[in-house]
Amino acid sequence: QQPVQSPQAVILREGEDAVINCSSSKALYSVHWYRQKHGEAPVFLMILLKGGEQKGHEKISASFNEKKQQSSLYLTASQLSYSGTYFCGTPRTDSWGKLQFGAGTQVVVTP
Amino acid sequence: DAGVIQSPRHEVTEMGQEVTLRCKPISGHDYLFWYRQTMMRGLELLIYFNNNVPIDDSGMPEDRFSAKMPNASFSTLKIQPSEPRDSAVYFCASSLESRVGGQPQHFGDGTRLSIL
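Here goes a summary of the coordinates provided. (Residues numbered from 1 in each chain as written. Chains lettered and ligands numbered in written order. Predicted model: local features only at pLDDT ≥ 70, side-chain atom pairs only at ≥ 80, totals over all residues. Heavy atoms only, no water.)

## Side note on the side chain of A:Arg35
Residue and element names in this part refer to chain A.
Line of reasoning, step 1. By secondary structure assignment, the location of Arg35 is in strand S4 (residues 30-36).
Line of reasoning, step 2. Given the relative accessible area of 11%, Arg35 is considered buried.
Line of reasoning, step 3. At 3.2 Å, the side chain of Arg35 forms a polar contact with the side chain of Tyr86. (Helix = DSSP H or I, 4+ residues; strand = E, 2+ residues; numbered from the N terminus. Buried < 20%, exposed > 50% of the residue type's maximum accessible area, 1.4 Å probe, protein only. Polar contact = N/O pair within 3.5 Å; in protein donor to acceptor, adjacent residues only side chain to side chain.)

## What to know about the packing of aromatic side chains
For any pair of aromatic rings, geometry is given as the distance between the ring centres together with the angle between the planes.
Line of reasoning, step 1. Evaluated as defined, the whole model comprises 12 aromatic pairs over all chains.
Line of reasoning, step 2. Note on A:Tyr34 and B:Phe107: the rings are 5.9 Å apart at their centroids and 80° apart in plane angle, and the pair reads as edge-to-face. Separated into two different chains, A:Tyr34 in strand S4 and B:Phe107 in strand S10 (residues 106-107) make up a pair that spans both.
Line of reasoning, step 3. What makes A:Tyr34 buried here is its relative accessible area of 0%.
Line of reasoning, step 4. Note on B:Phe107: relative accessible area 11%, which makes it buried.
Line of reasoning, step 5. Between the aromatic rings of A:Phe101 and B:Tyr35, the centroid separation amounts to 5.7 Å while the plane-to-plane angle is 70°, which identifies the pairing as edge-to-face. Here the residue A:Phe101 occupies a position in strand S10 (residues 95-101), and B:Tyr35 occupies one in strand S4 (residues 31-38), the pair thus bridging two chains. Neither residue differs from the other here; A:Phe101 and B:Tyr35 are each classed as buried.
Line of reasoning, step 6. Cluster of aromatic residues (ring-pair linked, three or more members): A:Tyr34, A:Phe44, A:Phe87, A:Phe101, B:Tyr31, B:Phe33, B:Tyr35, B:Tyr48, B:Phe91 and B:Phe107. (Phe/Tyr/Trp six-rings, centres within 6.5 Å; stacked < 30°, edge-to-face > 60°.)

## Focus: the sheet that holds strand S1 (residues 5-7) of chain B
Residues and elements named next belong to chain B.
Line of reasoning, step 1. On the basis of which strands lie adjacent, the open sheet formed by 4 strands has the order S1-S3-S8-S7 and antiparallel pairing. Of all the strands in the sheet, the pair left with one neighbour each is S1 and strand S7 (65-71). The average undirected angle you get between the axes of adjacent strands in this sheet is 15°.
Line of reasoning, step 2. Of the pairings in the sheet, the one linking strand S3 (residues 19-24) to strand S8 (residues 74-79) comprises 5 bridges and is antiparallel in character. Of the residues in S8, the one forming a bridge with Cys23 is Ser75. (Pairing = 2+ DSSP bridges. Axes fitted to C-alpha atoms, helices over the stretch in contact; angles between N-to-C directions.)

These figures come from the coordinates and say nothing about function on their own.
Encoded structure:
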């Protein structure tokens, strides 16, 4: 089942913060995050494993709460380069290689 | 290191023609994935291979679509006959052998397919 992302879109000014959520109706063991810039391929950001860890990529960090079956991606002090569509992906426990991607959250950072 | 290489980057063809998309995964990667991306349906997994063997083709839309991986460094996705609704961006991705929690997937630049 496809994870659900919210919000669908967010517009930020440079320097502002934003949070993107990814939730699932099924138990999660891990959550993957990718960013896709317009006209380009998705690029891997990070994987969060069961255990509530937080990870970071530049000033982008994420948390994973397996009890809530949810992950959140934090864009801190956003930069113009953060613009793009962010996807979360969740693997199946019977097939770790296969990811189910959410619909994506479009982020626009303006000067 | 070279990333995932896809060809062609763009393909425009007429309805009914055969279309062949090609992918070279990252050397040493054991998994290869074919995705289709459209505005309406987002990023959909069509099929994936592990060590050249198709594992799950449940995402292949219909019999007009077929995929092969004759060796570890090459895969094709064919559409025959093509239809306008097949227009989309097709991505190939590869990853290392799966582990608990999954591995990062590395995407190629994609093939932008337009069927007239």
